[in-house]
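Understanding the architecture of this molecule
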Amino acid sequence: MHRYLEKVPVMVRGSDTFEVFTHIDYAVRSWPAEVHGPFDPRAFEEPFRVAMRSIAAGGRALEMNTRRLWPWTPQWWAEEGGRTVSIGSDAHTPDALAANFPEAAAMLEHLGFRPGRAPEDLWVRA
């Protein structure tokens with residue numbers, strides 16, 4: 001987990017070809033729950049925050065993935081200076097498209113983010 005998160009600032013500094021950083025929690029997919037128990041993001045809070053600060057400082061948006069809807073993601077993002085969010089459902093089947101979107105929208109609105117004019121626009125924090 002640490003190695004993955006340490007690479008985020010390197011990626012942000014090394015490329016200006018992307019506007020949205022997706023899957024900040026990608027390494028959780030390989031989390032060895034049978035050895036370490038359920039994933040607890042608090043154990044990696046500072047590395048997540050460092051990664052988020054670098055994304056925000058680079059003027060990028062962070063994707064909020066509705067497939068794994070964790071409230072700590074948009075909260076830490078806002079606290080670390082994140083101004084824009086992209087909402088993605090990580091849908092691999094048509095029925096999963098926009099799953100949990102209302103819950104994601106409610107979380108973002110609670111933190112001061114507002115949707116753009118079109119559904120595909122980024123959400124922006126005022």
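An account of the accompanying structure is given in this report. (Residues numbered from 1 in each chain as written. Predicted model: local features only at pLDDT ≥ 70, side-chain atom pairs only at ≥ 80, totals over all residues. Heavy atoms only, no water.)

1. As for the pairing of strand β3 (residues 84–88)
Side-chain positions along a regular strand alternate between the two faces of the sheet. With respect to burial, β3 is a largely interior element, four of its five residues being buried. Taken together, the four bridges between strand β2 (residues 61–65) and β3 define a ladder with parallel strand orientation. Bridge pairing in β3 places Met64 opposite Ile87. For the segment spanning β2, helix α4 (residues 72–79) and β3, crossover handedness is right-handed. With two bridges joining them, β3 and strand β5 (residues 123–125) adopt antiparallel strand pairing. (Buried < 20%, exposed > 50% of the residue type's maximum accessible area, 1.4 Å probe, protein only. Helix = DSSP H or I, 4+ residues; strand = E, 2+ residues; numbered from the N terminus. Pairing = 2+ DSSP bridges. Right-handed = clockwise from strand over helix to strand, strands pointing away.)

2. A few points about the sheet that holds β3
Here five strands make up an open sheet; going across it, the order is β1-β2-β3-β5-β4 and the pairing mixed. With one partner strand each, in any of the chains shown, β1 (20–21) and β4 (113–114) form the two edges of the open sheet. As paired elements, β1 and β2 share two bridges and run parallel to each other. Note on β2: the bridge partner recorded for Phe21 is Leu62.

3. Some details on the pattern of salt bridges
All chains considered together, the criterion is met by seven salt bridges. Note that Glu46 is salt-bridged to Arg53, the shortest N-O span being 3.0 Å. Accessibility expressed as a relative area gives 33% for Arg53, which makes it partly exposed. Residues Glu80 and Arg49 are paired through a salt bridge, measuring 2.6 Å at the closest nitrogen-oxygen approach. Remark: Arg49 occurs in helix α3 (residues 45–57) and Glu80 occurs in the loop between α4 and β3; sequence separation between them is 31 residues. For the residue pair Glu80 and Arg49, the accessibility class agrees, reading buried in each case. Each of Glu45, Glu46, Arg49, Arg53, Glu79 and Glu80 takes part in salt bridges that share partners, so that together they form one network. (Salt bridge = Lys/Arg side-chain N within 4 Å of Asp/Glu carboxyl O.)

4. Looking at the side chain of Ser89
Within the secondary structure layout, Ser89 lies in the loop between β3 and α5 (101–110). Here Ser89 falls in the buried class, since its relative accessible area comes to 12%. A polar contact of 3.2 Å, which involves the side chain of Ser89, links it to the backbone nitrogen of Ala98. In this structure, Ser89 is in contact with Asn65, Thr66, Arg67, Ala96, Leu97, Ala98 and Ala99, ignoring residues within four places of it in sequence. (Polar contact = N/O pair within 3.5 Å; in protein donor to acceptor, adjacent residues only side chain to side chain. Contact = heavy atoms within 4.5 Å.)

5. Some thoughts on the nonpolar core
Within the largest apolar cluster, 29 residues are counted, with the highest numbers of intra-cluster contacts made by Met1, Ile24, Phe48, Ile55 and Phe113. Those elements giving two or more residues to this core turn out to be α1 (2–14), α3, β2, α4 and α5. Once residues within four sequence positions are removed from consideration, Phe113 is found in contact with Trp77, Ala78, Gly82, Arg83, Thr84, Val85, Leu108, Trp123, Val124 and Arg125. (Core = buried A, V, L, I, M, F, W, Y, C linked by side-chain atoms within 4.5 Å.)

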